[in-house]
Amino acid sequence: MIPLSASDFASHLLNNAGRVHNGAKAIEVRPDQGFHALWEASGLSGAEFADEVASYCGLQRLGLRELLAARALVDKLSRRFLREMNIFPYELSDGGYGLAVADPSNSVAIEAAKIVLGETLAITIASFEDVTTALDRRLGGEK
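Thresholds, definitions, all that
- Residues numbered from 1 in each chain as written.
- Predicted model: local features only at pLDDT ≥ 70, side-chain atom pairs only at ≥ 80, totals over all residues.
- Heavy atoms only, no water.
- Buried < 20%, exposed > 50% of the residue type's maximum accessible area, 1.4 Å probe, protein only.
- Helix = DSSP H or I, 4+ residues; strand = E, 2+ residues; numbered from the N terminus.
- Pairing = 2+ DSSP bridges.
- Contact = heavy atoms within 4.5 Å.
- Axes fitted to C-alpha atoms, helices over the stretch in contact; angles between N-to-C directions.
- Parallel < 35°, antiparallel > 145°, perpendicular 65-115°, else oblique.
- Left-handed = near helix turned anticlockwise from the far one by under 90°.
- Nonpolar A, V, L, I, M, F, W, Y, C, P; charged D, E, K, R; others polar.
- Salt bridge = Lys/Arg side-chain N within 4 Å of Asp/Glu carboxyl O.

Caption draft 1: Focus on the pairing of strand β3 (residues 97-101). For β3, the buried fraction is high: four of the five residues fall into the buried class. As paired strands, strand β2 (residues 87-91) and β3 are joined by five bridges and run antiparallel to one another. Looking across to β3, one finds that Glu 91 is bridged to Tyr 97. Hairpin remark: β2 followed by β3, antiparallel, with five residues in the connecting loop; positive phi at Gly 95, about 95°. Pairing of β3 with strand β4 (residues 122-125), which is carried by four bridges, proceeds in the parallel orientation. Following the sheet pairing, Leu 99 is matched in β4 by Ile 123.

This is how it looks when you write it as structure tokens:
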């Protein structure tokens, strides 16, 4: 599990000058909100936000090109779950499994994927937009 909350990451963004583009002196994120609300409040592009998350968490960052090149494992979890949780499971080059997430604090999604794909699941970071696009392409736009 990645020990990270949206409020902790909001503090990180605000304490690192220049990372928040909307000029905010504070970003309020309710405990029930996740990284999507924080991204919207930050004023950062999806790619910039994902870069910050990956750097902060010390996790690999995947872009859309890498997601689309990977062998998708979207048949392992329900379409609805993948879309609602905004996660993208894929096969690693060594045969292991990876999970691209935009919100690393989403423990429900990560734990569910570990139950299905295995505890050694490699967690990577992608932007919300890239995960959505990769899911749309792999699931054929079906909801």
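Let us keep going from here.
Caption draft 2: Main features of the sheet that holds β2. Pairing within the open sheet is mixed, and its four strands lie in the order β1-β2-β3-β4. What marks the edges here is a single partner per strand, and that holds for β1 (71-72) and β4. On the sheet, helix α7 (residues 128-139) packs against β1, β2 and β3 and is oriented at approximately 65° with respect to β2.

Caption draft 3: Examining the packing of helix α1 (residues 6-15) against helix α2 (residues 35-42) more closely. Following both chains from N to C, one finds α1 and α2 inclined at 25°, their axes separated by 9 Å at the closest point. The orientation of α1 relative to α2 falls into the category roughly parallel. In terms of crossing hand, the pair formed by α1 and α2 is right-handed. Across the interface between the two elements, Ala 6, Phe 9, Ala 10 and Leu 13 from α1 touch Phe 35, Leu 38 and Ser 42 from α2. In terms of residue class, the contact of α1 with α2 is made up of six nonpolar, one polar and no charged.

Caption draft 4: Main features of the pattern of salt bridges. Per the stated rule, a full pass over the model turns up four salt bridges. Ionic pairing is found between Arg 80 and Glu 84, a salt bridge with its closest N-O pair at 2.7 Å. With a gap of four residues between them, Arg 80 and Glu 84 both fall in helix α5 (residues 79-85), about one helical turn apart. We note that Arg 80, like Glu 84, is exposed.

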